[in-house]
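Architecture at a glance
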Amino acid sequence: MHPRGIRAATLALAFATLGTAGSAGAQERRDGKRGDLNVFLRGGVGDFTGGLGDLTSTGPAWGVTLNIQPTTFLGFEVGYEGSRNGITDGRLPEQPSLVRQGGSALVKVSPPFLTTVRPFVGAGVGVSHMNVRGPVEELYQSDTMPEVPLAAGVEFNRGALTAGIRTTYRVLLSEGWADGAVEDANGGLLDASLTLGARF
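What comes next is a walk through the structure. (Residues numbered from 1 in each chain as written. Predicted model: local features only at pLDDT ≥ 70, side-chain atom pairs only at ≥ 80, totals over all residues. Heavy atoms only, no water.)

1. Focus on the overall build of the protein chain
On a plain count of helices and strands, the protein chain comes out with 2 helices and 8 strands. Each helix and strand of the protein chain, ordered N terminal to C terminal, gives the series α-β-α-β-β-β-β-β-β-β. Looking at the protein chain residue by residue over its 200 residues, the buried ones come to 48%. Expressed as a percentage of contacts within the protein chain between residues at least 6 apart in sequence, the contacts between residues at least 24 apart total 65%. Accessible area of the protein chain: about 9500 Å², with a carbon and sulfur share of 64%. (Helix = DSSP H or I, 4+ residues; strand = E, 2+ residues; numbered from the N terminus. Buried < 20%, exposed > 50% of the residue type's maximum accessible area, 1.4 Å probe, protein only. Contact = heavy atoms within 4.5 Å. Areas by Shrake-Rupley, 256 points an atom, 1.4 Å probe, with all protein chains shown as cover.)

Next up, the structure:
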């Protein structure tokens, strides 16, 4: 799946869910209390964008996140994320892979009157280690890079359960893993995922 396809699927899901949130908002009562602590798993797909997207294929993305919700409209997340993408460079005899392991911290903002169905946007900071696996003939190299994650999605909170959909675009502040393959490497990392977890 091309990054444009990921974007289209994510937007369709988001619009459909936001429509449900809007119709339910008028009669929604607050579910839960301030100080909610949520822990959830994430699973989906992701790929690089821009020039980096021309060198990679779409692959699985995963993670685990701890969310603290001190008020109904403000939340804080810390989490681990990983992903795996194939390198599709025709100059290579075999297709190596690019495995990402990283962590991030995020500040989230939500409408204060929606808690059971909660849309959100968020931004933060993160760092990832890109591990290149396979024969790459010095075109690619493992590297650690800082990033700025930007997220949007919808969470569904009911009793002790939380679930949701989200998309995250990571602005990469370094693309050193591809410096040997292309002169001016550019692009970010886009993923779409489902979340499922527990509230305390």
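Continuing now.
2. A word on the pairing of strand β7 (residues 161–172)
In this structure, strand β6 (residues 143–158) lies alongside β7, joined through 12 bridges in antiparallel fashion. In the strand pairing of β7, Glu147 is matched with Leu172. When β7 meets strand β8 (residues 189–199), the two strands line up antiparallel, connected through 10 bridges. The residue of β8 that forms the bridge with Tyr169 is Leu190. (Pairing = 2+ DSSP bridges.)

3. Considering the pattern of salt bridges
By the definition in use, this model includes 13 salt bridges. Measuring nitrogen to oxygen at the nearest pair gives 4.0 Å for the salt bridge that ties Glu155 to Arg118. Of the two residues, Glu155 sits in strand β6 while Arg118 sits in strand β5 (residues 117–133), which places them 37 residues apart along the sequence. Note on accessibility: Glu155 and Arg118 belong to one class, buried. In the salt-bridge network here, residues are joined through shared partners; they are Arg42, Glu81, Arg100, Glu147, Arg170 and Asp191. (Salt bridge = Lys/Arg side-chain N within 4 Å of Asp/Glu carboxyl O.)

4. Here we look at the side chain of Thr168
Mapped onto the fold, Thr168 is located in strand β7. Once residues within four sequence positions are removed from consideration, Thr168 is found in contact with Arg42, Pro149, Leu150, Ala151, Leu189, Leu190 and Asp191.

5. Here we look at the packing of aromatic side chains
The description of two aromatic rings rests on the distance between their centres and on the angle between their planes. Considering all chains together, one arrives at 2 aromatic pairs under this definition. Residues Phe48 and Trp177 carry aromatic rings whose centres are separated by 5.3 Å and whose planes lie at 50° to one another, so their mutual orientation is tilted. Of this pair, Phe48 sits in strand β1 (residues 36–48) while Trp177 is found in the loop between β7 and β8, placing the two residues 129 residues apart along the sequence. The exposure class assigned to Trp177 is buried, which follows from its relative accessible area of 0%. When the ring of Tyr140 is compared with that of Trp177, the centres are 6.1 Å apart and the planes differ by 25°; the resulting orientation is stacked. (Phe/Tyr/Trp six-rings, centres within 6.5 Å; stacked < 30°, edge-to-face > 60°.)

These figures capture arrangement, not role.
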